[in-house]
Each structure stands twice: as structure tokens, then as C-alpha cells.
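What the coordinates show
The chain contents come next:
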Amino acid sequence: MAAAGGDGGAGAAEEAGAAPADTPGRAEVFGTVVDTFLEKLVAAGSYQKFVSCYRSFYKLQPQLTKSIYDQFISQLQTSIKEEIQEVKNEGNLEGLFSSLDKIVEEAKDREEPAWRPSGVPEQDVRAALVPYLLKQRSQLRRALRDREQHNEQLAEAVLQGRDSIAELQQLIQARLQAWQAISKEHQELLMTFQEPQ
């Protein structure tokens, strides 16, 4: 018996190593768990326990009690299976189980070890957050530097605009003074022509 068990174990190990596709998927395991749950539920709610709850009714009509129990168990199993199927459909569990199986299969081909927590939450959080925060800081610094350069360009444009406005004001002032001088000369000239009359 021990020899047979040893051979069976070695054969199972060889089969597991040679054909990982023979291992049931998560959807199949979930189905098996649900079936096992229903079997244990029916076993927990056995006919004897049902009869003990309805003893007086059982004494009057044992066949009807058996029929009611059978219908109750049948409807209970059906409604539980329907509810679980509804949950599976709403949550797309079949698709999620198959994608999880694919992820696990892909992870088997990786050579580097998978990340495992160190057991010290502070270190794990720091190890996960620090690279992210450093990356965010460098991006923010780069954005700040770009903004500062853009602001400097705008400030230079504003100063150039102010300088050109000041030049235009000076030009306008000079032309206004020139026009006033011409106007004054024109009036004086007109006055000289009007005096002899």
C-alpha cells in the first residue's frame, strides 16, 4: 500500500510538472466549492432534523412530510444555484476567473521572483511610494521650470510693450507740442494779417 502511494505521488508530481493544463481552473474550483456547499447544506438539513422540527405533522402524515421535505430541498438547491449563477453573471466571474488563470500562467514563466511584503508595513509603503513620489516631484519641478520660463518670456514681452508705449507717448507728446507750436504760429500769423484792417 505504501509502495502504491509512493508511486501515485511520484506519478502525480510528474503529471503536474508535465501537464499543468490538467489542473482545474478557478471557475471549475468555484463550481466544485458550490456543489460541496450544497451537499453539506442538504446533509445539515437532513430529513431526520426536518422531522424533528415538525414531529406532530410527521405523526399525522409521514408521506406528505417526506414530499414537502423533498420539495423544500429541491427548491432550496435550485434557488441557491440560481442566485450563485446570477452573481456569476453580474460580476462576470467566468471571465475574471479565466483572466486570473492567464495571469497565473504568465507569472509562472517569469524568472525574477514576485514581490512579497517584507512584513514591515512602513517599509513596504515607503518602497512603493517613494519612487512614485520622486517621479511626481521631478515632473512638478519640470512643470514649474517650464512655467517660470514662460512667465519670464511674458514679463519680457510686457516690459517691451511698456517701453513701446512710453516711446509712443513721447512721440505723441512731441507731435502734440509741435502741432501746438504750429497752431500758435498760425494764429499769430492770422493776427498779423488782421491788424492792418
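Residues numbered from 1 in each chain as written. Predicted model: local features only at pLDDT ≥ 70, side-chain atom pairs only at ≥ 80, totals over all residues. Heavy atoms only, no water.

1. So, the nonpolar core
Operational definition: Residue types Ala, Val, Leu, Ile, Met, Phe, Trp, Tyr and Cys, when buried and joined through side-chain atoms within 4.5 Å, form a set referred to as a nonpolar core. We call a residue buried when its accessible area falls under 20% of the maximum for its residue type, exposed when it is over 50%, and partly exposed in between, using a 1.4 Å probe and counting protein chains only. A run of H or I in DSSP counts as a helix once it spans at least four residues, and a run of E counts as a strand once it spans at least two, with each numbered from the N terminus. Contacts were defined at the residue level, with two residues in contact if any of their heavy atoms lie within 4.5 Å.
If you look at the biggest cluster of nonpolar residues, it comprises 5 residues: Tyr47, Phe50, Val51, Tyr69 and Ile73. Mapped onto this core, the elements with two or more residues apiece are helix H3 (47–53) and helix H5 (62–90). The leading source of residues in this core is H3, at 3 residues. For Val51, the residues in contact, after removing those within four places along its chain, are Tyr58 and Thr65.

2. As for the environment of Thr192
Note the threshold: Under the rule applied, a polar contact is a pair of N or O atoms within 3.5 Å (in protein, one hydrogen donor and one hydrogen acceptor; residues adjacent in sequence only if both atoms are side-chain atoms).
Within the secondary structure, Thr192 sits in helix H7 (residues 121–194). Reaching out from Thr192, the side chain makes a polar contact with the backbone oxygen of Leu189 at a distance of 2.5 Å.

3. What to know about the packing of helix H2 (residues 26–44) against H5
Which entries qualify depends on this criterion: For every element, the axis is a line fit to its C-alpha atoms; helices are fit only across the contacting stretch, and the angle between N-to-C directions ranges from 0 to 180 degrees. In this scheme, roughly parallel covers angles under 35 degrees and roughly antiparallel covers those over 145, while 65 to 115 is roughly perpendicular and the rest are oblique. Left-handed describes a crossing whose near helix is turned anticlockwise from the far helix by less than a right angle; the clockwise case is right-handed. For this scheme, ten residues count as nonpolar: Ala, Val, Leu, Ile, Met, Phe, Trp, Tyr, Cys and Pro. Four count as charged, namely Asp, Glu, Lys and Arg, and the remainder, Gly too, count as polar.
Axis separation between H2 and H5 bottoms out at 11 Å; the angle between their running directions is 155 degrees. By the angle class used here, H2 and H5 are roughly antiparallel. Helix-helix and strand crossings are classified by hand; for H2 and H5 the assignment is right-handed. On H5, the residues that touch Phe30, Val34, Phe37, Leu38, Leu41 and Val42 of H2 are Tyr69, Ile73, Leu76, Gln77, Ile80, Lys81, Ile84 and Lys88. Looking at the contact of H2 with H5 residue by residue, the classes come out as 11 nonpolar, 1 polar and 2 charged.

4. Quick look at a negative patch on the surface
The cut-off we apply is this: Each patch is built from residues lacking any salt bridge and having more than 30% relative accessible area; the joining distance is 9 Å for like charges and 5 Å for nonpolar side chains (Val, Leu, Ile, Met, Phe, Trp, Tyr). Where accessible areas are quoted, they stem from the Shrake-Rupley method and a 1.4 Å probe; at the residue level, only the protein chains shown are allowed to cover. Note on definitions: salt bridges are taken to be side-chain nitrogens of Lys or Arg within 4 Å of carboxyl oxygens of Asp or Glu. The convention is simple: Lys and Arg are positive, Asp and Glu are negative, and His and the chain ends are not counted. The atoms used to mark charge sites are NZ of Lys, CZ of Arg, CG of Asp and CD of Glu.
Together, Glu82, Glu83, Glu86 and Glu90 line one region of the surface with negative charge. Summarising the element assignment, Glu83 is placed in helix H5. We classify Glu83 as partly exposed; its relative accessible area is 48%.

5. Brief notes about the packing of H2 against helix H6 (residues 93–108)
A packed helix pair is summarised by two numbers, namely the angle formed by the two axes and the spacing between the axes. The contact between H2 and H6 brings their axes to 8 Å, and the two run at 125 degrees. Overall, the two elements H2 and H6 adopt an arrangement that is oblique. On H6, the residues that touch Arg26, Ala27 and Phe30 of H2 are Leu93, Glu94, Phe97, Leu100, Asp101 and Val104. Taken together, the residues of the contact of H2 with H6 break down into 6 nonpolar, no polar and 3 charged.

6. Things to note about a nonpolar patch on the surface
Together, Tyr54, Phe57, Leu64 and Ile68 make up an exposed nonpolar region whose accessible area comes to about 340 Å². Relative accessible area serves as the criterion here: at 33%, Ile68 is assigned to the partly exposed category.

7. A short note on the side chain of Thr65
In this structure, Thr65 sits in helix H5. Thr65 gets classed as buried once you look at its relative accessible area, which sits at 1%. Look past the residues within four positions of Thr65 in its chain and what remains in contact with it is Tyr47, Phe50, Val51, Phe57 and Tyr58.

8. So, unusual backbone geometry
Despite not being glycine, Asn92 shows a phi value in the positive range, around 50 degrees. If you trace the backbone, Asn92 turns up in the loop between H5 and H6.

9. What about the side chain of Asp124?
Considering the arrangement of structural elements, one finds Asp124 in helix H7. Although Asp124 is buried, it makes no salt bridge; Arg126 carries the closest opposite charge, 9.0 Å away. A polar side-chain atom of Asp124 sits 2.8 Å from a polar atom in the side chain of Ser118. Dropping the residues within four chain positions of it, Asp124 is found in contact with Trp115, Pro117, Ser118 and Gly119.

10. With respect to the confidence of the model for the protein chain
Stated precisely, the cut-off is as follows: A residue's pLDDT is the predictor's confidence in that residue, given on a scale from 0 to 100.
When pLDDT is averaged along the protein chain, the result is 82; 87% of the residues meet or exceed 70. Between residues 1–20, whose pLDDT stays under 50, and residues either more than four places distant or in other chains, the model counts 1 contact.

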